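# Notes for the structure review
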There are 2 protein chains.
Amino acid sequence: MAKDIKTRIETANAEAFRRMVAADPVLVDVAPAGDVIPGLTDKMVLHSGPPVDWQRMSGAQKGAVIGMLLFEGWARSKEEAIKLLEDGAITLEPNHHHQTVGPMAGTITRSMWVFVVENKAFGNRAYCRQVEGRQQFGDSSQEALQDLIRWHDTWAPALRAGLRQMGGLSLKPIIARALQMGDELHNRPHAASSLFANAMAVPMIEAGIPKEALISTLRYLAGHQLFFLGLSMAAAKATADPARGIEYSTVVTAMARNGTEFGIQVSGLEGEWFTALAPPVKGLFLPGYGEQDAGLDIGDSAITETVGWGGFVLGGAPGILSFVGGTPEEALSYSRDMRQITVSTSPEFLIPALGFEGTAVGIDVRKVVQTNIPPIIDTAMAHKNPGHPIIGAGLVRPPLDCFKRALIRFAEKYGLK
Amino acid sequence: MAKDIKTRIETANAEAFRRMVAADPVLVDVAPAGDVIPGLTDKMVLHSGPPVDWQRMSGAQKGAVIGMLLFEGWARSKEEAIKLLEDGAITLEPNHHHQTVGPMAGTITRSMWVFVVENKAFGNRAYCRQVEGRQQFGDSSQEALQDLIRWHDTWAPALRAGLRQMGGLSLKPIIARALQMGDELHNRPHAASSLFANAMAVPMIEAGIPKEALISTLRYLAGHQLFFLGLSMAAAKATADPARGIEYSTVVTAMARNGTEFGIQVSGLEGEWFTALAPPVKGLFLPGYGEQDAGLDIGDSAITETVGWGGFVLGGAPGILSFVGGTPEEALSYSRDMRQITVSTSPEFLIPALGFEGTAVGIDVRKVVQTNIPPIIDTAMAHKNPGHPIIGAGLVRPPLDCFKRALIRFAEKYGLK
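How each quantity is defined
Residues numbered from 1 in each chain as written. Chains lettered and ligands numbered in written order. Predicted model: local features only at pLDDT ≥ 70, side-chain atom pairs only at ≥ 80, totals over all residues. Helix = DSSP H or I, 4+ residues; strand = E, 2+ residues; numbered from the N terminus. Rg over C-alpha atoms; globule rule 2.2 N^0.38 Å. Buried ≥ 20, exposed ≤ 12 C-beta atoms within 10 Å, placed from the backbone. Contact = placed C-beta atoms within 7 Å. Nonpolar A, V, L, I, M, F, W, Y, C, P; charged D, E, K, R; others polar. Pairing = 2+ DSSP bridges. Axes fitted to C-alpha atoms, helices over the stretch in contact; angles between N-to-C directions. Parallel < 35°, antiparallel > 145°, perpendicular 65-115°, else oblique. Expected span 1.5 Å × (residues − 1). Domains from an automatic or database assignment. Least-squares fit on C-alpha atoms with pLDDT ≥ 70 in both. Arc of directions from axis to C-beta.

### Description of the overall build of chain A
Of regular secondary structure, chain A possesses 14 helices and 16 strands. At 20 Å, chain A has a C-alpha radius of gyration in line with the 22 Å of a compact globule built from 417 residues. The dimensions of chain A, computed from C-alpha atoms along their principal axes, are 65 × 50 × 40 Å. Within chain A, the proportion of its 417 residues that are buried is 60%.

Structural data, given as structure tokens:
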């Protein structure tokens, strides 16, 4: 019996792994969230991490939600926004309940344009918003909203025109190349951002976008080294989702944080969250900020680690260490350690610094608990209070409790001892 | 007395190092070689490496010279070209005698458009031609000349227009970033090529280049991963030249090969070449080619190693190992070894994989001879016979004899025992 169950788990995990490595994420559109994200209605704000209500939201996420209410024009002041939120006039739901992910506070509302990534191997779609350095960190000032407005008015429509001209852009080749160019595709997607900018220039010109908008968009792309994070997150979400709901699979299908709690989801336990208090991030602070300012771990961006990028490929991206701290040797050992808690390695995403071995894919809850090695996540840091831009970056490990709780529930559901 | 000389040498080498790391290479123009390269006259072909006459030229260089005669219209057939060359109607001179460098055979004639890089810290200029995969390897077929023709007719003039629009492009920031993105800037300048394409898109649009030429040029840039090699070579030449002619300096100011001989030049022995037979390259072959096909080491591209890039930073560019062979550990040890034969490390060009230590700069002939560690060069391979495109890539070490001869001559010139 025990052996039979073990075989079932192994088979299910092999299938989850197979689906993840078979993914073929293609950027098919950039569109207003309200037009494309399933179930996203008026007066709804999607947020990162597991479910959380207004009262328990972290400072950064509160600030970002307020920012979205101002951006949408649902409130004319912070005070008005807070009143609406306290009155329950605004619905708050996790991105992950809507095939969506968002960086840091992760806030998405109907007028926010999002990337639409289709996994051509399975037909599912995933969505992610633009990455910037202020509003998503909890800064709701008029200045902080400028990037969202320009994204809405100019940059996103220009990208949509280019994408329609070219008929979609396959992300796998960009990701594979970027992993050999010092990117880990989470905190450091610089090469991918550059390759993406090059890929879009010609189709945007061909699409006949007016010169001013064209130049503004190309400048934005060339100057925004973190741009591709929004695409690697959408690609990762599109990659992870087909691995959901496989009976008996102990493979993690999402890791997400809201600044209050860290939550994971597991394939064989579809629809459930296993949460623990969000941990603090260990890392380096930007000038003017220190440990006393830091909020707890936040963002859906750990979806990149869920499919084997981010902290999992830190050994191939030592350039990020000046931002998050640590030595190249430590970075290599993180990447090697991750093989101990995953199903197998990718046949297509190869890390030169590890002798062209593949990225570690398919976090197995059992292996995390057995080895006491939690996944390593490479992340940015938000302030504990609303109203601040990015304050730093570093490394974080999810609480082992999330994995232990998932395993206990797994044993219960599948009748294990 | 011995001590006095030693101090003079150390002081001179420190000055050579200082000049190299103070360099500020800026791409100021792309222009027809005949308009800008000093001393380049009609019916002259510049070539890579130390001086060599037609009879002693390697097969690849012969093929490339023939290609240039056809490109210029000085001959209408290969036979006519060979006759002109045998009759001495064509002058052959090294690029290095004209502030110039060229990849592989390195052939440059008056109509070939070249990069014009000005070292703003010292006011000197250096030139390099476009990098492609056929003519410069000795293939003189009509098909092989197509890239040169498109470069001449469309791509180079478009880049010139963009550069004039923007007033020049500083290369140091691109180089510094690329070294943190898995580039070694010789065989693997992929990140730099991508960043360069990003930088040129907007100014080329602003310059009002006709749409067809604009799109053709942007496609060319986005699709040509080795594009930046021409710029890293020009930047390296502009960086190395101010270190020439410092009395008592034993620092190498050029390493260059013509497929027949490997030659080096030394600061305190300005104007002289120290040569030995060019060595074979150890590496990997493209399909259809093997060791029996390989010509000997060729190209001015070792100017990149002369200033501390290329093989010297292989530890930071493990992606290249799939092209040249070897392990990441070997690549790291090459980079560490180079510190033993150089004056010091760059304060600005940092290698994340080596804990953000600087690149090794300023090859000291004395240290090479004392340690028996020749510089390591990361290079492409040409066929031994004319008429072939690129056949492979690998690593090569210059003959120690070049360094020994230079040291003997140094002792003679400066009255050492």
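We are not done yet, so read on.
### Brief notes about the interface of chain B and chain A
Accessible area lost upon the coming together of the parts serves often as the stated size of an interface. At the junction of the two partners, chain B supplies 30 residues and chain A supplies 30 residues. Mapped by element, the contributors of at least two residues to the side of chain B that touches chain A are helix 7 (190–206), helix 8 (211–223) and helix 11 (321–324) of chain B. Ranked by the residues each element gives to the side of chain B that touches chain A, the list is headed by helix 7 of chain B, at 11 residues. Tallied by class, residues from the side of chain B that touches chain A come to 18 nonpolar, 9 polar and 3 charged.

### So, the sheet that holds strand 6 (residues 125–129) of chain A
All names here are of chain A. Spatially, 4-6-5-1-7 is the arrangement adopted by the 5 strands of the open sheet, whose pairing is mixed. Unpaired on one side and paired on the other, strand 4 (100–101) and strand 7 (169–170) mark the two borders of the sheet. Sheet topology note: the strand 4/strand 6 ladder contains 2 bridges and is parallel. Following the sheet pairing, Val101 is matched in strand 6 by Cys128.

### Describing the sheet that holds strand 8 (residues 252–258) of chain A
Residue and element names in this part refer to chain A. Taken in spatial order, the 4 strands of this open sheet run 10-9-8-12, and their pairing is antiparallel. Two strands bound the open sheet, and with one partner strand each, they are strand 10 (274–277) and strand 12 (298–299). Across 5 bridges, the pairing between strand 8 and strand 9 (residues 261–266) is antiparallel. Across the sheet, the residue bridging to Arg257 is Phe262, located in strand 9.

### A short note on the packing of helix 7 (residues 190–206) of chain A against helix 8 (residues 211–223) of chain A
Residue and element names in this part refer to chain A. Two elements in contact, helix 7 and helix 8, have axes separated by 10 Å at closest approach and are oriented at 170 degrees. Taken together, helix 7 and helix 8 sit at an angle that is classed as roughly antiparallel. Across the interface between the two elements, Phe196, Ala197, Met200, Ala201, Met204 and Ile205 from helix 7 touch Leu214, Thr217, Leu218, Leu221 and Ala222 from helix 8. Residue composition of the contact of helix 7 with helix 8, by class: 10 nonpolar, 1 polar and no charged.

### Here's the deal with helix 3 (residues 59–72) of chain A
Residues and elements named next belong to chain A. With 14 residues, helix 3 extends 20 Å from end C-alpha to end C-alpha; this agrees with the ideal 20 Å at 1.5 Å per step. The element helix 3 is largely enclosed, with a buried count of 13 among its 14 residues. A positive backbone phi angle near 80 degrees is found at Gly73, which sits one or two residues after helix 3.

### A short note on unusual backbone geometry
The bulk of non-glycine residues show a negative phi, and the bulk of peptide bonds are trans. One non-glycine residue, A:Met104, lies in positive phi territory at about 50 degrees. A count of 30 C-beta atoms within 10 Å places A:Met104 in the buried class. Phi angles above zero are rare outside glycine, and B:Asn372 is one such case at about 60 degrees. Tracing the backbone shows B:Asn372 in the loop between helix 13 (365–371) and strand 15 (377–381).

### Structural notes on the domain arrangement of chain A
All names here are of chain A. Looking at the assigned domains, one finds that chain A contains domain 1 (25–234) and domain 2 (242–414). Computed over C-alpha atoms only, the centres of domain 1 and domain 2 are separated by 21 Å. Taken together, the contact between domain 1 and domain 2 spans 45 residues of the former and 46 residues of the latter. Those elements giving two or more residues to the side of domain 1 that touches domain 2 turn out to be helix 3, helix 6 (172–178) and helix 9 (229–240). Considering each element in turn, the side of domain 1 that touches domain 2 owes the most residues, 6 residues, to helix 3. Residue classes in the side of domain 1 that touches domain 2 are distributed as 17 nonpolar, 21 polar and 7 charged.

### Describing the relation of the copies chain B and chain A
Placing chain B over chain A gives an RMSD of 0.0 Å and needs a rotation angle of 180 degrees, together with 0.0 Å of translation along the axis. Such a combination of turn and shift is consistent with a two-fold rotation axis. Looking at the rotation axis and the C-alpha trace of chain B, the residue lying nearest is B:Met181, at 2.4 Å.

### A short note on helix 14 (residues 400–414) of chain A
Residue and element names in this part refer to chain A. Between its first and last C-alpha atoms helix 14 spans 21 Å; for 15 residues at 1.5 Å apiece the expected length is 21 Å, and the two agree. Among the residues of helix 14, Cys402, Phe403, Ala406, Leu407 and Phe410 are the ones counted as buried. Along the axis of helix 14, the buried residues cluster in a sector spanning 130 degrees; they form a single face. Helix 14 presents Ala411 and Glu412 as exposed residues on the side facing more than 90 degrees away from its buried surface. Note on helix 14: the residue one or two positions beyond its end, Gly415, has a positive phi of about 70 degrees.

### Considering the pairing of strand 13 (residues 342–351) of chain A
Residue and element names in this part refer to chain A. Among the 10 residues in strand 13, 7 count as buried, and that is most of the element. Taken together, the 5 bridges between strand 13 and strand 14 (residues 357–363) define a ladder with antiparallel strand orientation. By the bridge assignment for strand 14, Thr342 is matched with Ile363. Where strand 13 folds back on strand 14, the antiparallel hairpin that results is connected by 5 residues, among which Gly355 adopts a positive phi of roughly 65 degrees.

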